[in-house]
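# Close look at the chain arrangement
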Amino acid sequence: MGYFKFNTDEFKFFERANRIVAETLSLMQKHVKPGVTTYELDKIAEDYIRTQNAEPAFKGYGPKDNPFPATVCTSVDNVIVHGIPNKTPLLEGQIVSLDVGAKYKGFFGDSAITCFVGEVSPEIARQSEVTEQSLFKGLEQAVERKKIYDISRAIQTYVESNGYSLTRELVGHGIGKKLHDDPPVPNFVPLLLHRGDYPNWKLQQGLALSIEPMVHMGKKETSTLDDGWTVVTRDGSIATHWEHTVVIDQGKPIIMTLRN
Ligand code: MG
Ligand code: MG
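Quick caveat: nothing in here was measured; it's all calculated off a predicted structure. (Residues numbered from 1 in each chain as written. Chains lettered and ligands numbered in written order. Predicted model: local features only at pLDDT ≥ 70, side-chain atom pairs only at ≥ 80, totals over all residues. Heavy atoms only, no water.)

### What to know about unusual backbone geometry
For the record, the criterion: In DSSP terms, a helix is any run of H or I states spanning at least four residues, a strand is any run of E spanning at least two, and both are numbered starting from the N terminus. Exposed residues in this analysis have more than 50% of their type's maximum accessible area, buried residues have under 20%, and partly exposed residues fall in between, with area computed by a 1.4 Å probe over protein chains only.
In this chain, Asp182 is followed by Pro183 through a cis amide linkage whose omega measures 0 degrees. Relative to the assigned elements, Pro183 resides in strand β8 (residues 181–185). With a phi close to 60 degrees, Asn53 is a non-glycine residue in the positive phi region. With respect to the helices and strands, Asn53 occurs in the loop between α2 (38–51) and β1 (55–56). Residue classification places Asn53 among the exposed residues on the basis of a relative accessible area of 66%. One non-glycine residue with positive phi stands out, namely Lys105, at about 45 degrees. Along the chain, Lys105 turns up in the loop between β4 (95–104) and β5 (107–116).

Written as structure tokens, this is what we have:
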């Protein structure tokens, strides 16, 4: 099976990496308001991560000729994930998803939240709530003797029964010594034809996963902008994204990125 198994010290480092991520998100969330820029939010995150003797995990990630240029993925409104921070002030009623990764002593943490800029419409608030709840439906399945598709099915059933669609092109992942490790964790049960791409691993104690539903108000199709990173809903509909990193255990999932 071959996934990474932590020893005690390693688990402490992994725990710390994820704690730093959770603290960074809590700190950023306090600063999300109309007029602030995602560039400013990114600086707050980078400063905090570095003062904790950790490194931003996303900065420099990706292809050599087009690495991700910032600490945080900041994805506004119809941007699903991988939005690049910029100097455009956020506006009342917008949403911004903040996705943070940190590396501490060789181990990675990863988590994302969707934040409201001031007050948002009830429709958008509901979508974000359904997305966060779907994440917890998935997390409930992240225990020994279940399989990856149990997580996928729980998320998909909850999201689609509430009238939304899910991104297909991007999925959750194993995590530990690598930011993106095996196995992929799709937010949908793959069609028979595609199951080879998404092995349905049996969940064993100590396996670490980042589970991250990406939910669209409209259709499931996506596009990537010319910057090579920004993924948007093709129909322009609102997208919401929540993510936690969890470790499989007996009986109860251990959520590593819970916030206060
Ligand atoms: Mg993430
Ligand atoms: Mg992730």
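Let us keep going from here.
### Describing the nonpolar core
Here is the rule: Take the buried Ala, Val, Leu, Ile, Met, Phe, Trp, Tyr and Cys residues and link them wherever side-chain atoms come within 4.5 Å; each set so joined is a nonpolar core. Note on contacts: a residue pair is in contact if any heavy atoms of the two residues lie within 4.5 Å.
Counting residues in each nonpolar core, the largest one holds 45 residues, and the members touching the most others are Val96, Leu98, Ile151, Leu209 and Ile211. What Ile151 contacts, discounting residues up to four positions off in sequence, is Gly138, Gln141, Ala142, Val185, Leu203, Leu209 and Ile211. Ala57, Phe68, Ala70 and Ala208 belong to the second-largest nonpolar core, a separate cluster that totals 15 residues.

### Digging into the side chain of Glu212
Operational definition: Any pair of N or O atoms that falls within 3.5 Å is considered a polar contact. Within protein, one atom must be able to donate a hydrogen and the other to accept it, and sequence-neighbouring residues count only if both atoms are side-chain atoms.
Here Glu212 lies in the loop between β9 (208–211) and β10 (214–216). A distance of 2.9 Å separates polar atoms of two side chains, one belonging to Glu212 and the other to His241. Here Glu212 is in contact with Asp99, Asp110, Val171, Gly172, His173, Asn187, His241, Trp242 and Glu243, once residues within four sequence places are set aside.

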